[in-house]
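Each chain, written out:
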Amino acid sequence: MFSRKLPSRRKLLIWLQIVCLIMVVSYTFHKIGVLDRIRGDTIGGEEYDYQSAEIAAVTLTPFPPVSLRTVIKESNDNANRVVHNEDIHGPLMPNDPVIVVQVHNRIYYLNLLISSLSKVKGIEKALIIFSHDIFNDEINSLVSNIKFCKILQIFYPYSLQAYPNEFPGKDPLDCPRNIDKQKALEIKCNNANHSDSYGHYREAIYTQTKHHWFWKMNHIFDKITITRNHDSHFIFLEEDHFAVPDMLYVLNLMEQFKQSHCNDCDLITLGAYPKVVNYAADSNKVEIREWISSLHNMGMVLDRKIWNKIKNCATKFCQCDDYNWDWSLMHISRECLDKKLMALTIVAPRVFHIGQCGVHHKSRDCFKNELVEKIDAVVQKSTSFLFPSQLKISTSQKKKFKMPKLNGGWGDVRDHALCLNFTLA
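The rules behind these values
- Residues numbered from 1 in each chain as written.
- Predicted model: local features only at pLDDT ≥ 70, side-chain atom pairs only at ≥ 80, totals over all residues.
- Heavy atoms only, no water.
- Helix = DSSP H or I, 4+ residues; strand = E, 2+ residues; numbered from the N terminus.
- Buried < 20%, exposed > 50% of the residue type's maximum accessible area, 1.4 Å probe, protein only.
- Contact = heavy atoms within 4.5 Å.
- Areas by Shrake-Rupley, 256 points an atom, 1.4 Å probe, with all protein chains shown as cover.
- Salt bridge = Lys/Arg side-chain N within 4 Å of Asp/Glu carboxyl O.
- Expected span 1.5 Å × (residues − 1).
- Arc of directions from axis to C-beta.
- 1 Å grid on protein atoms, 1.4 Å probe; cavity = no way out; pocket = protein on both sides within 12 Å on 5 of 7 lines; lining within 4 Å.
- Points joined across faces, edges and corners; volume = space filled by probe spheres on them.
- Nonpolar A, V, L, I, M, F, W, Y, C, P; charged D, E, K, R; others polar.
- Pairing = 2+ DSSP bridges.
- Axes fitted to C-alpha atoms, helices over the stretch in contact; angles between N-to-C directions.
- Disulfide = S-S within 2.5 Å.
- Parallel < 35°, antiparallel > 145°, perpendicular 65-115°, else oblique.
- Left-handed = near helix turned anticlockwise from the far one by under 90°.
- Polar contact = N/O pair within 3.5 Å; in protein donor to acceptor, adjacent residues only side chain to side chain.

*Asks:* Mind laying out the overall build of the protein, listing which residues take part and the relevant values?
*Replies:* Helix and strand counts for the protein come out as 16 helices and eleven strands. Classification of the 425 residues of the protein by burial places 48% in the buried group. Sequence-distant contacts in the protein: of pairs separated by 6 or more residues, those separated by 24 or more amount to 80%. Carbon and sulfur atoms make up 54% of the accessible area of the protein, which totals about 22,000 Å².

This is how it looks when you write it as structure tokens:
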């Protein structure tokens, strides 16, 4: 037995390969360590990643994120040129209503909303704009098959689906929600200097709704060709709402009432959250109140004049440390506008909330329809009390509202900048 000596050049090559391998392994373990530190400690057991769970459930698209951004841009450009069903129902006339539906991924509820809208008297004159933050073929097909009125579909371009691993989605190097600020500064996660009022860092899934809402408002009032000069009613709904057949009829009555009885009323609210619904007693009753986010955020009706006032407070809205669009709107109502927003509200709802699952609500029985059946039964039983001939002021006394603390979740300067850009762009 004997050993052969390796040539010096071959020895050098082997040593270089070993050194390179050691460097790669060391770098990999370093990155894993950094990510582990950035993920931080969990509080109250294993941390559940709501964002990943939701995105996994709805990313039913053949497009990778970068390509999806192009598809969304082309779809939004097309919305400037094509209004579906205009050949059936004619063009949008100056006094025709525009209904705007903010859509996420709950097709079950969306289908119920569409069905309820199809039964609304006068719906054939309306334009319904569906504003999506998910690009999903099944949802898109459901909407595109609507024939009872004119429709448009637009898509929020900075969705978590289009930016899953970078801002405004969840960048893996962002600070976890509950990490201590000192530790965040030590590990140098992206937004270490920008926690919210409660010391928490942004969660992408909760910031998206406010971004989508403000982008949608700017896009519809100021960008889309068919609506940017439209001066009639803009009715704002969400995918888990349910419309009563006399919704548009009552809106017209409320507008007439507003002009004759409430010059200070800024907007109209068609939805309400009563514990007991009694159309026999309340079908024609309205209230005049300060607009309160938790009471008047459903079936909200704005005109261009009020939108321009809101838009002028864009900086306050976008920097308000609350991830909810409605709480942020209430904040600028009290802190920025020349006077608090006043609302003309309906006592017996013409828009109901039927959602039992969503960003704020988790339930094991998301697709049980007892609530819908109950609402439908109440409406059917009350048919003779719908379409009132006139309205009157309710005499019930309401407690004075005290502004609660903001909810936080909106301390990141990147969110402020993106939000403001919707108005500036």
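*Asks:* Can you explain the pattern of salt bridges? Please cite residues and give values.
*Replies:* In the structure shown here, the tally under the stated rule is 15 salt bridges. Among the salt bridges present, the one from Asp246 reaches Arg350, with a minimum N-O distance of 3.0 Å. In this pair, Asp246 sits in the loop between β5 (241–243) and α9 (247–261) while Arg350 sits in the loop between β9 (342–346) and β10 (351–353), placing the two residues 104 residues apart along the sequence. No difference in accessibility class separates Asp246 from Arg350, as the two residues are buried. Its salt-bridge partner being Asp282, residue Lys285 comes within 3.4 Å of it at the nearest N-O pair. Among the residues examined, Asp282 registers a relative accessible area of 17% and is labelled buried. The structure contains a network of salt bridges with shared partners spanning Asp222, Asp231, Arg304 and Lys311.

*Asks:* Which residues make up helix α5 (residues 107–118), and what values go with them?
*Replies:* An ideal rise of 1.5 Å per residue puts 16 Å on twelve residues; α5 measures up with 16 Å between its terminal C-alpha atoms. Turning to α5, its buried residues number three or more, namely Tyr109, Leu110, Leu113, Ile114, Ser116 and Leu117. With its buried residues spanning 165° around the axis, α5 presents them on a single face.

*Asks:* How would you explain empty space enclosed by the protein if you had to name every residue and give the values?
*Replies:* For the coordinates displayed, the defined rule picks out three cavities of 30 Å³ or more. Roughly 50 Å³ of internal volume is contained in the largest cavity. Around the largest cavity, the lining residues are Trp213, Lys216, Phe236, Leu237, Glu238, His241, Asn297, Met300 and Trp325. Those elements giving two or more residues to the lining of the largest cavity turn out to be α8 (204–222) and β4 (234–238). Top contributing element to the lining of the largest cavity by residue count: β4, with three residues. Class assignment for the residues of the lining of the largest cavity results in five nonpolar, two polar and two charged. Each pocket or cavity is described by its volume, and for the second largest cavity that value is around 40 Å³. Around the second largest cavity, the lining residues are Asp266, Lys309, Leu337, Asp338, Lys339 and Leu341. For the lining of the second largest cavity, a count of residues per class yields two nonpolar, no polar and four charged.

*Asks:* Talk me through the sheet that holds β9; I want residue IDs and the actual numbers.
*Replies:* Pairing is mixed across the open sheet formed by nine strands, whose spatial order is β3-β2-β1-β4-β8-β6-β9-β7-β11. With partners counted over all chains shown, the strands left at the sheet margins are β3 (150–155) and β11 (392–393), one partner each. In this sheet, β11 lies alongside strand β7 (residues 285–290) in parallel orientation, the contact comprising two bridges. Looking across to β11, one finds that Lys285 is bridged to Lys392. The sheet strands contacting helix α6 (residues 137–144) are β1 (98–103), β2 (127–132) and β3, and the helix crosses β3 at an angle near 160°.

*Asks:* Please set out the state of the cysteines residue by residue, giving values where relevant.
*Replies:* Summed over all chains, the structure comprises four disulfides. One disulfide bridge connects Cys262 with Cys265, the sulfur atoms lying 1.9 Å from each other. Judged by the torsion about the S-S bond (85°), the Cys262/Cys265 disulfide is right-handed. No difference in accessibility class separates Cys262 from Cys265, as the two residues are buried.

*Asks:* I'd love a proper account of the packing of α8 against helix α12 (residues 304–312), names of residues and values included.
*Replies:* Put simply, α8 and α12 touch, their axes get as near as 11 Å, and they point 130° apart. Classed by the angle they form, the pair α8 and α12 counts as oblique. You can see that α8 and α12 cross each other, and the crossing is left-handed. Contacts between α8 and α12 involve Phe214, Met217, Asn218, Phe221 and Asp222 from the former and Arg304, Trp307 and Lys311 from the latter. The class makeup of the residues in the contact of α8 with α12 is four nonpolar, one polar and three charged.

*Asks:* An account of α8 is needed here, citing residue identities and associated values.
*Replies:* Between its first and last C-alpha atoms α8 spans 26 Å; for 19 residues at 1.5 Å apiece the expected length is 27 Å, and the two agree. Counting buried positions over the 19 residues of α8 gives 17, a clear majority of the element.

*Asks:* Describe the packing of α5 against α6, naming the residues involved and giving the relevant values.
*Replies:* It is the contact of α5 with α6, at a shortest axis distance of 11 Å, that shows an interaxial angle of 5°. One finds that α5 runs roughly parallel with respect to α6. Judged by residue contacts, Ile107, Leu110, Asn111 and Ile114 of α5 engage Glu138, Ile139, Leu142 and Val143 from α6. Grouping the amino acids of the contact of α5 with α6 by side-chain chemistry returns six nonpolar, one polar and one charged.

*Asks:* Give a detailed account of the environment of Ser260, specifying residues and quantitative values.
*Replies:* Here Ser260 lies in helix α9. One polar contact links the side chain of Ser260 to the main-chain carbonyl oxygen of Gln256, over a distance of 3.1 Å. Within the local environment of Ser260, its side chain forms a polar contact with the side chain of His261, the two groups lying 2.7 Å apart.

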